[in-house]
Amino acid sequence: MRQTPKNVSPFSNEARNAYVIEHITDALLELLRDKPIGDISISELCDLAGIGRASFYRNFENKEDILRRYINKIFQEWPDKDGEQNKFLYSMFAHFEKHREFYELLNQRNLIYLLKDVIIDICGPKPEHSKEEAYMKAYVAYSLYGWIEVWFQRGMQETAEEIAGIFTNHGL
């Protein structure tokens, strides 16, 4: 089809992609409330989002990528990634409390493992670290991920302040 002002989208590629990402994310979150991710087909997801399969595959490789991108997006809102340890821990757990409904859904659908890469990226080892620092950072990052996973599995009973205090008081 020849493009004319009438049939060309008024959106830029960036705006179209943002539209697709927002709608596919909303559709996946809605479907996850009713069934596990493995029971959700790409076709069903695209139909609910009102987008074509080509748009899905232009932006994502699989359904988990949608959640990874969303997790990274909401972690961008987290203001204290570089703060002092106790403030850092409190603000991280406060972030989880703020987005409690989303994280409860991830936990319910056994998708908490998607957080591991974000936690490792934020506080794990980097190539420039000495071996001692790399191992210590790995210890803290994986310990923190384990605590987060258990906290979610226990229903997030403790407040952000309580869980950060427990973590800090045990020398982690």
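Everything below is about the structure printed above this text.
Note that residues are indexed from 1 along each chain, following the sequence as it is written. A pLDDT threshold of at least 70 governs which residues receive local features in this predicted model, and a stricter bar of 80 or more applies before side-chain atom pairs are shown or counted, although totals over entire chains, interfaces and linings include all residues. As a convention, hydrogens and water are excluded, and side-chain values are obtained from all of the structure's heavy atoms.

Caption draft 1: Region of the structure containing the nonpolar core. Within this scheme, the nonpolar core is defined by two criteria: the residues are buried Ala, Val, Leu, Ile, Met, Phe, Trp, Tyr or Cys, and they are joined through side-chain atoms within 4.5 Å. Note on exposure labels: buried denotes an accessible area under 20% of the residue type's maximum, exposed denotes more than 50%, and partly exposed covers the range between, all computed with a 1.4 Å probe on protein chains only. Ranked by size, the top nonpolar core spans 50 residues in total, and within it Leu 67, Phe 96, Leu 115 and Leu 144 carry the most contacts. Note on conventions: DSSP H or I runs of at least 4 residues are helices, E runs of at least 2 residues are strands, and numbering of each starts at the N terminus. For this core, the secondary structure elements donating two or more residues are helix H1 (13-32), helix H2 (42-49), helix H4 (63-76), helix H5 (85-98), helix H6 (100-108), helix H7 (116-123), helix H8 (131-153) and helix H9 (160-169). Looking at this core element by element, the count peaks at seven residues for H1. Residues contacting Leu 67, with those up to four places away along its chain left out, are Leu 28, Leu 29, Leu 32, Ile 37, Phe 102, Leu 106, Leu 111 and Leu 114. Residue contacts are defined here by distance: any two heavy atoms, one from each residue, within 4.5 Å place the two residues in contact.

Caption draft 2: A look at the pattern of salt bridges. Here a salt bridge means any side-chain nitrogen of Lys or Arg lying within 4 Å of a carboxyl oxygen belonging to Asp or Glu. In total, this model carries six salt bridges according to the counting rule given. We note a salt bridge from Arg 68 to Asp 65, for which the minimum N-O separation is 3.2 Å. Here Arg 68 pairs with Asp 65, and both are found in helix H4, just three residues apart, close to one helical turn. A relative accessible area of 30% places Arg 68 in the partly exposed class. On the basis of relative accessibility, which here comes to 21%, the residue Asp 65 falls in the partly exposed class.

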